[in-house]
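Descriptive structure summary
Each chain, letter by letter, is given below.
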Amino acid sequence: MKVTVFGVGYVGLVQASVLADVGHEVCCVDVDQDKVDRLNQGLIPIYEPGLEPMVRHNHDAGRLTFTTDAAAGVHHGKVQFIAVGTPPDEDGSADLQYVLAVADTIARHMDSPKVVVDKSTVPVGTADKVRQRIASVLKERGADVAFQVVSNPEFLKEGAAVADCMRPDRIVIGSDDEVAIEVMRELYEPFNRQQERTVIMDVRSAELTKYAANCMLATKISFMNEMANLAEKLGADIEAVRRGIGSDPRIGYHFIYPGCGYGGSCFPKDVQALIRAADGIGHDAKILKAVEQVNDDQKTVLMRNIRRHFGDDLKGRTIALWGLAFKPNTDDMREAPSRVLLAALWEAGARVQAYDPEAMEETQRIFGHRDNLVLMGTKEAALKGADALVICTEWQAFRAPDFDFIQQELRQPVIFDGRNLYDPERLAKRGFHYYGIGRGL
Ligand code: UGA
């Protein structure tokens, strides 16, 4: 099938390459000429395991093309995906200007029937707005071309995006139009061979499903962080509690890892957008507000422990920081807990020696050159002469370090672990001061 994807950000690029990989002919349109040129040379703008070979392979095979020519893009696809960003407005609600601009573009150039698919995370009611926008531009043009608007939210996780897209848990299709549903079923048929994963529903429910999923996951995390803070004060170990509750299949082991707060481009933005949407219709979203508040507090927990140990003034102190990305297997630092920590450490006068397996360039781009941040080439180098080690991201490479070496390199054997990677008793026996999250033993 011929498919067009507007927006080669995270979601658009992964979706496009996965669709091309199963044989669809996919044309990607983006306004960023530089990005398009680079993609045409096989250069991928993000770090995502498995994505680069998939893009190259399908591009070489002619099934995946990149262009800035919107008219050609609209002409190409029977299905037109809108996968552009919906950044938060000043008040936290989702900004739809890019989505509606694509709707305009599609309407201006379309001359054959299209199924327009909202892939971006958009507030409930957006499909209606997209439909109205397309209809009014067509009317202006005096054109009579059939189209349907479908909601088809994306559930991929950064770091596992290709696998999530190839083997989705579910494919949510929001539409009440039989023709559009049939087109979407045919498009996704290759992903449904083993098991039927399609869930068909009305458009508004599909739009809300996306927010409900992310907000539920964020709620699980904030709940566990609240339990962790309680465990610490009550002399219990949250890691034992986590295993204890996770064994109940109604609760499950996923997304109940306590830590130094959730980050990324999705949870913080989506929780906030749903709070704003609820406010807008006069509903006070109490749980979501608490989820957000707990998370904001949790991002300061590492600094609170550092102050507990060293006092408020960190002038002359050097902190080794392992992990800058908001989670492993990505170089993404949007809303990362490490950023809140860095700001607090600098404010208190500390200098930071930081290392991340993938996010060094991104850190450099965000913070540029500054005297109180030194980017180190290895996790070992980051330790040299530091007063303490702090861990913000649970990269695999941090899970079994050489503790003798850490002890030898640090000025003092202190570890602040924001991801509970180590056994507190074992570290205590080795003579470390070890601060985990919610480990009140
Ligand atoms: C999230 C969702 O998991 C995806 O299903 C969704 O499609 C995506 O948002 C989106 O809306 O585009 P992502 O932001 O890539 O995916 O990352 P997650 O793996 O969900 O992690 C989010 C944050 O939660 C990270 O900072 C992570 O460290 C934290 N987290 C996760 C915890 O603190 N504890 C946990 O148990 C799990």
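Computed from a prediction, not measured in an experiment: that's the story for all the values here.

Let us look at the overall build of the protein. The helix and strand tally for the protein stands at 18 helices and 14 strands. Radius of gyration (C-alpha) of the protein: 24 Å, near the 22 Å computed for a compact globule of 441 residues. Its C-alpha atoms put the protein at 75 × 45 × 45 Å along the principal axes. Taken over 441 residues, the protein has a buried fraction of 45%. Counting contacts in the protein only where the partners sit at least 6 residues apart, residues at least 24 apart contribute 72% of the total.

If you check the shell around the ligand, you find 20 residues, and the closest are Glu 158, Tyr 257, Tyr 262, Gly 264 and Cys 266. No other element matches helix α9 (residues 203-234), which puts three residues into the shell around the ligand. A per-class count over the shell around the ligand returns eleven nonpolar, five polar and four charged. A domain-level breakdown of the shell around the ligand finds at least three residues from each of domain 1 (2-201) and domain 2 (211-297).

Moving on: the UniProt feature "binding site: substrate" (unreviewed entry) in the protein. UniProt's feature table lists "binding site: substrate" (unreviewed entry) at Phe 155, Leu 156, Lys 157, Glu 158, Lys 210, Phe 255, Ile 256, Tyr 257, Pro 258, Gly 259, Gly 263 and Lys 327, given in the numbering used throughout. Annotated residues spanning 173 residues; largest pairwise C-alpha distance 23.9 Å, indicating distribution over more than one region. You can see Pro 258 is positioned in the loop between α10 (238-246) and α11 (267-280). Taking the C-beta count within 10 Å as the criterion, Pro 258 has 29 such neighbours and is therefore assigned buried. Setting aside residues up to four positions removed in sequence, Pro 258 forms contacts with Met 224, Asn 225, Ala 228, Ile 238, Asn 420, Ile 437 and Gly 438. Within the secondary structure layout, Gly 263 lies in the loop between α10 and α11. If we skip the residues at most four places from it in the chain, Gly 263 touches Pro 268, Phe 326, Arg 334, Glu 335, Ala 336 and Pro 337.

Our focus in this paragraph is the pairing of strand β9 (residues 318-322). Burial within β9 is extensive, with five of its five residues counted as buried. Burial along β9 is two-sided: the face carrying Thr 318, Ala 320 and Trp 322 and the face carrying Ile 319 and Leu 321 are both buried. Sheet topology places β9 next to strand β10 (residues 351-355); five bridges connect them, and they run parallel. Considered in β10, the bridge of Ile 319 is made with Val 352. You can see the chain leave β9, run along helix α14 (residues 337-347) and come back into β10, and the turn it takes is right-handed.

If you trace the backbone, Ile 306 turns up in helix α13 (residues 301-310). Taking the C-alpha atoms as reference points, Ile 306 and Glu 335, separated by 29 residues in sequence, lie 21 Å from one another.

Spatial strand order, β11-β10-β9-β12-β13-β14: six strands in an open sheet with parallel pairing. Each end of this open sheet is capped by a strand with a single partner; those strands are β11 (373-375) and β14 (433-435). Within the sheet, the average angular offset between the axes of one strand and its neighbour, ignoring direction, is 20°.

For the rest of this paragraph, the subject is the domain arrangement of the protein. Each assigned domain of the protein is listed here: domain 1 (2-201), domain 2 (211-297) and domain 3 (299-435). Each partner contributes residues to the interface: domain 1 has four residues there, and domain 3 has seven residues. For the side of domain 1 that touches domain 3, the per-class residue count stands at two nonpolar, one polar and one charged.

Attention shifts here to the environment of Val 130. Note on placement: Val 130 falls in helix α6 (residues 126-141). The spatial distance from the C-alpha of Val 130 to the C-alpha of Ala 103 is 5.9 Å, given a sequence separation of 27 residues. In contact with Val 130, other than residues within four places in its own chain, are Val 99, Leu 100, Ala 103, Val 116, Asp 118 and Val 149.

Another point: the packing of α9 against α11. Across the interface, α9 lies against α11 with an axial gap of 9 Å and an inter-helix angle of 115°. With respect to each other, α9 and α11 are oriented roughly perpendicular. Note on packing geometry: the crossing formed by α9 with α11 is left-handed. Residues Tyr 211, Asn 214, Cys 215, Leu 217 and Ala 218 of α9 form the contact with α11, whose own contacting residues are Phe 267, Asp 270, Val 271 and Leu 274. Residue classes in the contact of α9 with α11 are distributed as seven nonpolar, one polar and one charged.

Definitions and cut-offs
Residues numbered from 1 in each chain as written. Predicted model: local features only at pLDDT ≥ 70, side-chain atom pairs only at ≥ 80, totals over all residues. Helix = DSSP H or I, 4+ residues; strand = E, 2+ residues; numbered from the N terminus. Rg over C-alpha atoms; globule rule 2.2 N^0.38 Å. Buried ≥ 20, exposed ≤ 12 C-beta atoms within 10 Å, placed from the backbone. Contact = placed C-beta atoms within 7 Å. Near = placed C-beta within 6 Å. Nonpolar A, V, L, I, M, F, W, Y, C, P; charged D, E, K, R; others polar. Domains from an automatic or database assignment. UniProt positions renumbered as here; feature names shortened; annotations may be inferred. Pairing = 2+ DSSP bridges. Right-handed = clockwise from strand over helix to strand, strands pointing away. Axes fitted to C-alpha atoms, helices over the stretch in contact; angles between N-to-C directions. Parallel < 35°, antiparallel > 145°, perpendicular 65-115°, else oblique. Left-handed = near helix turned anticlockwise from the far one by under 90°.

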